[in-house]
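Summary of structural features
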Amino acid sequence: MNEYIIEQLMHITKKMNIRIEWSNLFDSYTPSGASAKYNSIVINTNWHNPKELPFQLAHEIAHIMNHDDCEMAFYHASYSSQELIEKEANVEAIKLLIPIFKDMGYEDNPVTFMQVFNVPNYLFDNVTKIMKLSK
């Protein structure tokens, strides 16, 4: 399932000319990152929970789509000055994944969506709201 999701997201990156670097050089808790300035994403393939990689990729794509004004915007940023940037990237990531979810034959169900894409629990309200708007 992850391969299909990654493949669909890679179609998006190809259309946007986003460069992706899949790296196993980081430790298991180094987050993936994006640079809107360089239209590039680095995905840590050693991430401790590989099931989260599709959501991380969607999140990093969202940073570039949002033209976030930061050199590297990290998936797991702490609550800091980047909180709004991270929140907006999460929202856009959910929006990117909903069409893939529907193409996979799932009915609109926020819990199932979050399980399929390993979306963090704190985003449940966002998933529910966005899913209702996408009908």
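The coordinates are above.
Just so you know, these numbers come straight off a predicted model, no measurement behind them.

Concerning the pattern of salt bridges
- Overall, the coordinates contain two salt bridges when judged by the stated rule.
- Between Arg19 and Glu21 there is a salt bridge, and its shortest N-O distance comes to 3.3 Å.
- The exposure class of Glu21 is partly exposed, given its relative accessible area of 33%.
- The partner of Glu92 in a salt bridge is Lys95, and the shortest N-O contact between them spans 3.4 Å. In this pair, Glu92 and Lys95 are both assigned in helix H3 (residues 83-103), three residues apart and thus about one turn of the helix distant.

Some remarks on helix H1 (residues 2-15)
- Compared with an ideal rise of 1.5 Å per residue, which puts 14 residues at 20 Å, H1 spans 20 Å between its outermost C-alpha atoms and is within 8% of the ideal.
- Inspection of H1 places Ile5, Ile6, Gln8, Leu9 and Thr13 among the buried residues, and these make up the whole buried set. Burial along H1 is one-sided: seen end-on, the buried residues are contained in an arc of 160°. Summarising the geometry of H1, the exposed residues directed more than 90 degrees from the buried face are Glu3, Lys14 and Lys15.
- Here the buried face of H1 lies against strand S1 (19-23), helix H2 (53-65), H3 and helix H4 (110-117).
- Looking one or two residues beyond H1, the residue adopting positive phi is Asn17, at roughly 55°.

What to know about the packing of H1 against H2
- One way to put it is that H1 packs onto H2 with a least axis distance of 9 Å and a crossing angle of 10°. In terms of their interaxial angle, H1 and H2 are classed as roughly parallel. For the element pair H1 and H2, the recorded crossing hand is left-handed. Counting all contacts with H1, which are made through Asn2, Ile5, Ile6, Leu9, Met10, Ile12 and Thr13, the residues of H2 involved are Leu53, Pro54, Leu57, Ala58 and Ile61.
- Within the contact of H1 with H2, the residues separate by chemical class into ten nonpolar, two polar and no charged.

What counts and what doesn't
- Residues numbered from 1 in each chain as written.
- Predicted model: local features only at pLDDT ≥ 70, side-chain atom pairs only at ≥ 80, totals over all residues.
- Heavy atoms only, no water.
- Salt bridge = Lys/Arg side-chain N within 4 Å of Asp/Glu carboxyl O.
- Buried < 20%, exposed > 50% of the residue type's maximum accessible area, 1.4 Å probe, protein only.
- Helix = DSSP H or I, 4+ residues; strand = E, 2+ residues; numbered from the N terminus.
- Expected span 1.5 Å × (residues − 1).
- Arc of directions from axis to C-beta.
- Contact = heavy atoms within 4.5 Å.
- Axes fitted to C-alpha atoms, helices over the stretch in contact; angles between N-to-C directions.
- Parallel < 35°, antiparallel > 145°, perpendicular 65-115°, else oblique.
- Left-handed = near helix turned anticlockwise from the far one by under 90°.
- Nonpolar A, V, L, I, M, F, W, Y, C, P; charged D, E, K, R; others polar.

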